[in-house]
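The primary structure of each chain is shown beneath.
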Amino acid sequence: MIPKTVKGPKEALEGVKDGMTLMLGGFGLCGIPENAIAELVRRGVKDLTCISNNAGVDDFGLGLLLQKHQIRKMISSYVGENDEFERQMLSGELEVELTPQGTLAEKCRAAQAGFPAFYTPAGYGTEVAEGKETREFNGKMYVLEYAYKADFSFVKAWKGDEAGNLIFKGTARNFNPCMCGAAGITVAEVEELLPAGSLDPNEIHIPGIFVQRIFQGEKYEKRIEQRTVRTREDAR
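As the structure is a prediction and not an experimental result, all values here were calculated from the model. (Residues numbered from 1 in each chain as written. Predicted model: local features only at pLDDT ≥ 70, side-chain atom pairs only at ≥ 80, totals over all residues. Heavy atoms only, no water.)

S.K.: So what exactly am I meant to see when it comes to unusual backbone geometry here?
M.R.: Unlike most non-glycine residues, Asp47 shows phi in positive territory, near 55°. In this structure, Asp47 sits in the loop between α2 (34–43) and β2 (48–51). One non-glycine residue with positive phi stands out, namely Asn138, at about 55°. When you line up the elements, Asn138 lands in the loop between β6 (134–137) and β7 (140–146). A relative accessible area of 85% places Asn138 in the exposed class. (Helix = DSSP H or I, 4+ residues; strand = E, 2+ residues; numbered from the N terminus. Buried < 20%, exposed > 50% of the residue type's maximum accessible area, 1.4 Å probe, protein only.)

S.K.: What should I look at first to understand the nonpolar core in this one?
M.R.: Most often, soluble globular proteins have nonpolar side chains that are buried together. Residues Leu22, Leu24, Leu40, Met74 and Phe154 are the most contacted members of the largest nonpolar core, which totals 27 residues. Elements that contribute at least two residues to this core include exactly β1 (21–24), α2, β2, α3 (63–67), β3 (71–76) and β8 (150–161). Examining the composition of this core, we find that four residues originate from one element, α2, more than from any other. Excluding residues that lie within four positions of it along the chain, Met74 makes contacts with Cys50, Ser52, Asn54, Ala55, Leu62, Phe85, Leu94, Glu95, Val96 and Glu97. Ranked by size, the runner-up nonpolar core spans 26 residues in total, among them Met23, Leu104, Ala183 and Ile206. (Core = buried A, V, L, I, M, F, W, Y, C linked by side-chain atoms within 4.5 Å. Contact = heavy atoms within 4.5 Å.)

S.K.: Hey, could you run me through the pattern of salt bridges in this one?
M.R.: Pairing is possible between side chains of opposite charge, provided their charged atoms come close. Counted under the stated rule, the structure contains 13 salt bridges. A salt bridge links Glu39 to Arg43; the nearest nitrogen and oxygen atoms lie 2.9 Å apart. With Glu39 and Arg43 both in helix α2 and four residues apart, this pair spans about one turn of that helix. A salt bridge links Glu191 to Lys156, with the nearest nitrogen and oxygen atoms 2.3 Å apart. One end of the pair, Glu191, is in strand β10 (residues 183–194); the other, Lys156, is in strand β8, and 35 residues separate them in sequence. Because the salt bridges share partners, they merge into one network encompassing Arg72, Lys73, Glu95 and Glu97. (Salt bridge = Lys/Arg side-chain N within 4 Å of Asp/Glu carboxyl O.)

S.K.: Would you take a moment to explain the state of the cysteines for this structure?
M.R.: Chemically, a disulfide is nothing more than a covalent bond linking the sulfur atoms of two cysteines. Summed over all chains, the structure comprises zero disulfides. No disulfide involves Cys50; its sulfur sits 13 Å from that of Cys108, the nearest cysteine. Under the relative-accessibility criterion, Cys50 is labelled buried at 0%. Considering cysteine sulfurs only, Cys178 is the nearest to Cys108, which forms no disulfide, with 4.7 Å between them. For Cys108, a relative accessible area of 0% gives the class buried. (Disulfide = S-S within 2.5 Å.)

S.K.: I tried to follow the pairing of β6 on my own but got confused; where do I start?
M.R.: Regular strands place side chains that alternate from one sheet face to the opposite one. In this sheet, β7 lies alongside β6 in antiparallel orientation, the contact comprising four bridges. The residue bridging Thr134 from the neighbouring strand is Val143, located in β7. Counting the residues between successive antiparallel strands, the hairpin from β6 to β7 contains two residues, one of them, Asn138, with a positive phi of roughly 55°. (Pairing = 2+ DSSP bridges.)

S.K.: Whenever I open this one, the packing of aromatic side chains confuses me. Can you help?
M.R.: Think of a pair of aromatic rings as described by two things: how far the centres are apart, and how the planes are tilted against each other in angle. Taken as a whole, this structure holds five aromatic pairs when the rule is applied. Where Phe27 meets Phe175, the ring centres are 6.5 Å apart and the plane angle is 20°; that geometry is what we call stacked. On the criterion of sequence distance, the pair formed by Phe27 in the loop between β1 and α2 and Phe175 in the loop between β9 (166–167) and α6 (176–179) is long-range, its members being 148 residues apart. We classify Phe27 as partly exposed; its relative accessible area is 35%. With a centroid separation of 5.4 Å and an interplanar angle of 85°, the aromatic rings of Phe137 and Tyr142 are classed as edge-to-face. Taken together, the ring pairs connect Phe27, Tyr78 and Phe175 into an aromatic cluster. Lying over the aromatic face of Tyr220, Lys156 brings its terminal NZ or CZ to 4.8 Å of the ring centre. One cation-aromatic arrangement involves Lys159 over Trp158; the distance from NZ or CZ to the ring centre is 4.5 Å. (Phe/Tyr/Trp six-rings, centres within 6.5 Å; stacked < 30°, edge-to-face > 60°. Lys NZ or Arg CZ within 6 Å of the ring centre and 35° of its normal.)

S.K.: Would you take a moment to explain helix α5 (residues 101–113) for this structure?
M.R.: An α-helical turn contains 3.6 residues, so any two residues separated by three or four positions project in the same direction. Here α5 contains 13 residues, and its C-alpha end-to-end distance of 18 Å stays within 8% of the 18 Å for a straight helix at 1.5 Å per residue. Gly114 lies just past α5 and shows a positive phi near 85°. (Expected span 1.5 Å × (residues − 1).)

S.K.: Where do I start with the environment of Glu233 in this structure?
M.R.: Along the chain, Glu233 falls in helix α7 (residues 232–235). For the pair formed by Glu233 and Leu62, sequence separation is 171 residues and the distance between their alpha carbons is 37 Å.

Written out as structure tokens, the structure reads:
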């Protein structure tokens, strides 16, 4: 078996350089690779192109990289709750490519499956389709979208084993699975790392062939982006 286990984020991110394109899993703050992001901040790599559904919040997730101006271009589906993201986008400091959410997911999945491109009706007739090839199928217009090309993919899973097999928990199973194997090197950080063979094959979401490096993360904050609670009066 090819050894995939590394000691931690420092070893896991070996080879990350300025100007690279990175995929980062998660939706909002759910299922984001917290340890990998912290290591990117520590390394100070810059001029990055980041492919992620959104960019976290001002002081957490990808927002930490935005604060230090390490990201040159964001490819995402919405600005979200990140005021700094919005400010940099409107001021022209940050190049932003907004993509329909389903298209973003499919462009990751296409890269994972080895498909160079695909047609989708999403965005036809809008700015999204400007400059892109369009084609009619069965009376409906479609836009040609190309699979992403990324150097590294960073994902976060609940459990994993030394062979790279992954299990995601709840809504953390969002963009993480389709980003596995969608880049030159996929790095998975997990809450619990187990010996190979410990996971029930029927519960595995991503087989280890899609993962090159895996490590057990630590000190997960798992922040909630928007906390909504009932008042004591409403709970009665």
